Structures are given as C-alpha cells and as structure tokens.
Amino acid sequence: MKGLVFHGPRDVRYETNVPDPKITSPDDVLVEIAYCGICGTDLKEFFSETPNFFPANAEDRNEITGLKAPLCMGHEMSGTVVEVGKNVNHVKVGDQVVIDPSVHCSDAARFPESQLKKGETCSQCRYGLTNICDHSSIAGLGAHSGGLADKFICSSKHAIVVPKSIPLEIAALTQPLAVSYHAVRRSGFQEGSSALILGAGAIGSAAILCCYGFKASNIVVSEPSEVRREYAKRLGATVFDPSIYSNHENELEFVIRDLRKLSPNGEGFDYAFDCSGFPATFQAAIESTVSNGTIVNVAIWGAKPIEFWPMDITRHEKKIMGSMCYTTEDFEGVLKCFDEGSIDVETTRSFITTVVDLQNGIEGGFQHLNNNKKTEIKVLITPNNHGELEYSKSYTKVFQN
Ligand SMILES: [Zn+2]
Ligand SMILES: [Zn+2]
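The shown structure was predicted, so the numbers you read here are calculated from the model rather than taken from an experiment. (Residues numbered from 1 in each chain as written. Chains lettered and ligands numbered in written order. Predicted model: local features only at pLDDT ≥ 70, side-chain atom pairs only at ≥ 80, totals over all residues. Heavy atoms only, no water.)

Thoughts on the pairing of strand 11 (residues 194–198)
Along a regular strand, successive side chains alternate from one face of the sheet to the other. Among the five residues that make up strand 11, five are buried, leaving the element largely enclosed by the rest of the structure. Side chains Ser194, Leu196 and Leu198 of strand 11 all project onto a buried face; the interleaved residues Ala195 and Ile197 project onto the opposite face, where all are buried too. At this point the chain moves from strand 11, through helix 5 (residues 202–213), to the parallel strand 12 (residues 218–222), and the crossover so formed is right-handed. As paired strands, strand 11 and strand 14 (residues 269–274) are joined by four bridges and run parallel to one another. Within strand 14, the position partnered with Ile197 by the bridge is Phe273. (Buried < 20%, exposed > 50% of the residue type's maximum accessible area, 1.4 Å probe, protein only. Helix = DSSP H or I, 4+ residues; strand = E, 2+ residues; numbered from the N terminus. Right-handed = clockwise from strand over helix to strand, strands pointing away. Pairing = 2+ DSSP bridges.)

Following this line, the structure appears as structure tokens:
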C-alpha cells in the first residue's frame, strides 16, 4: 500500500510499497482510510531533528509495541471498516469509524515484541484513565503505523462507529476536537454555564465548539491575534483583545477587569480554560472566574515554574485542574454532539482549509501547512481519494475574508 513513512528525524518518505496490514489477532479491525488530518505535533515530528514522540534514535523501540521506524505517520483519521477479526462484534465491515489513536498498557498484548511484562497495567489504566497511562504513546507518532496510508489496523476498542449523519471529512476532526472535549467534560461543565477561553489556537477554537456541545450560555475568548479573534467570532464566541493594554503598568489588572465585565452580571465566568499557557493567561483564568468556579489548564507549558498565590483560589473556593489528551469516551461525546447538532457540522467544516491526496502529502500537506500557518487551519490527506481535492478552492478560506 501507499504511505507517508517516518524513517528517522527529518526523513519522512512517500512510499508505494509499504507492507499491507494484516489481521493477526481476533480483536483486530482493518480500516480503509478516508481522511487523515495533520496537526502541529505532526509538523514538529516532521521538521525537527529532535522529535517529541518518535525516538530521536530511529533504532529505539516503542515500549508498548516493541516496534521501531520505519512506521507510517498520521493520528487524526476516519475511514471504513474492511475486515474484522473473529471476536469483534461492536463494529462490522462497512461501518464508518474514527480511531482513538492512543496506545496504552492494554494494547501491549497485541504486540509480540512489547517491552512491557505480560499483563502489566499501570494504575491509571486500571481506573480507566488511559489518557494518562504511564506508558502512553500514539499510533502514527511512533507506537505503530498510523493513518497516513491506504489502510490502518488496530485493536477494535480504538474504533468508534460514526453515525451516518456525519460525513467522513468532518469525522476526521473528531480527534483534534476530543482534546478540548475532554477538558470541558472533565471540568464537570453544567448546561447553561458561562466559559472563558484564553487563546484561540487549534485547541482554543475547538474548545469553543465543545463548550457549545455542553450547551454553554456565554463563551468569551481572549486572544491577541486578530485573525484568530475573527475566526473565534465566526465560531460563535464573544472576543476580547488582551493586547490593548500591552506595555501599560497595570496591564493584567485591566485585562482581568475587562474580562470580568464580559461575564454574566460581571460576577465572573463559571469555567475558564487556559489554552495558551502563560503566567498572565493562568492568572487571568483564576481571577476572571466566579467564586466556586473551575479553572482548567489545557495548555502544555514549558519547564519553568511560575508564581502563584494559593489564597487566590482558597478565599473564593475555586478549583484548578489539568486536562490531558482524551479517552474513547471523548470521541463518542464529540460524535454525539455532531449527530444531535449541538456542535454544528457546517461550522466545524470551516476548520478544513485544504485536502490533498497522499502522493502530494509531503509538499501539499506538511510543507504547505508549515509555510501557511496563518491561513491554514486543518489540512486533510485523503489516501484513497475521497471527495474533492483542493477543498480550499470550494470552501472559503476562513482567514482571508
Ligand atoms: Zn494531532
Ligand atoms: Zn497504562
């Protein structure tokens, strides 16, 4: 089959002779890929001498699967089931599915070369918190071959059936939405609540849709970039530019004062999601929430600690929590929101700015996305040529109008 194959740092190749994946375990599903998105993480892995997920030394094996490069990239995929192992009954041939690409302790059994002891499971996995597994890794990012290929194989528990109402190109956005969905779900978000989102990059934009999925009453986004603010507005949020006070000596105080004014009755937001990861956004998240409010850190921070005064949360009984990746439940949640319309499919479609075939995936996908970070949001690759290529020509580019 065809695939975009990671051989080592800065060495990804389009190949036409990748071995076809074969069902080897009674629990396997084989999926023909319709669409697979590429994201910021993929770009980092593609362009960096020191990738975060693939080992920098191509000879190193993944702990759970025992596999090593060459392996196909791609972890944001949708497709159609073409074959199932004899024990699989929750999906069948012909079903449209999305894949939860996380790989955790319970996957080890499927891989004879696994470096984990047989039956060994970390405590998080025992509690169902597979997103924070001690050994967690991701298909398409070094654990095993991913969806930038004609076909993909995994254990059936990673395949989630897509309701017929959802087109496969929209379904391919389930994985990037699941990160934000997990944050909103874990916050305990109550219907009718208000939300503040700090930062409208990929995760922040997806968080807007997911807050709507949880039937938020009022969503405010704080974002210094004008293009991102415009897009957040298109997704239905009220937007605020925190850079209006830059270089003012009371900058943060004024930003927090203005944000609070945008909250219901000026009393603060019920939930704040820090999708930026700066000391100022974290402090604004804490001080812009209502008493008893919840602050969720979704951002990935650098290694440097920050100053924080615990009384800011204690005297108002606020809660601070973190959110990491997703579980299969989040994929099901996003699909349910699409199906019932609480996340609007056509609004979500505006995330897709380009669709290319696999053959042009390096130039038209990875390099194109890297060179056009300001105008591109989601580039989808369609290995089996589903739908219309050059999607961006048939849909308005969101950042250019
Ligand atoms: Zn991704
Ligand atoms: Zn685990």
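So, the nonpolar core
Formed by 96 residues in total, the largest nonpolar core has its most connected members in Leu148, Phe189, Ile197, Cys211, Phe273 and Phe338. In terms of domain composition, this core takes at least three residues from each of domain 1 (3–173 + 351–382) and domain 2 (181–322). Those residues within four positions of Leu148 in sequence are excluded, and the remaining contacts are Gly3, Leu4, Cys36, Ile38, Cys72, Met73, Gly74, Leu358, Phe366 and Ile381. Residues Leu196, Leu259, Ala284 and Ile286 belong to the second largest nonpolar core, which totals 17 residues. (Core = buried A, V, L, I, M, F, W, Y, C linked by side-chain atoms within 4.5 Å. Domains from an automatic or database assignment. Contact = heavy atoms within 4.5 Å.)

Description of the confidence of the model for the protein
Per-residue pLDDT for the protein averages 93, and the proportion of residues at 70 or more is 96%. Below a pLDDT of 50 lies the segment residues 390–401, which in the model reaches 29 contacts outside its immediate sequence neighbourhood of four places, other chains included. (pLDDT = per-residue confidence, 0-100.)

So, the sheet that holds strand 12
Taken in spatial order, the six strands line up as 13-12-11-14-15-16 in an open sheet, and their pairing is parallel. The strands lining the two open edges of the sheet, one partner per strand, are strand 13 (238–240) and strand 16 (319–322). Looking at each pair of strands side by side, their axes are set apart by 20° on average, direction ignored. Across three bridges, strand 12 lies against strand 13 in parallel orientation. The residue bridging Val220 from the neighbouring strand is Thr238, located in strand 13. On top of the sheet, helix 8 (residues 279–287) reaches strand 11, strand 14, strand 15 (289–297) and strand 16; it is set at about 150° to strand 15, its chief contact. (Axes fitted to C-alpha atoms, helices over the stretch in contact; angles between N-to-C directions.)

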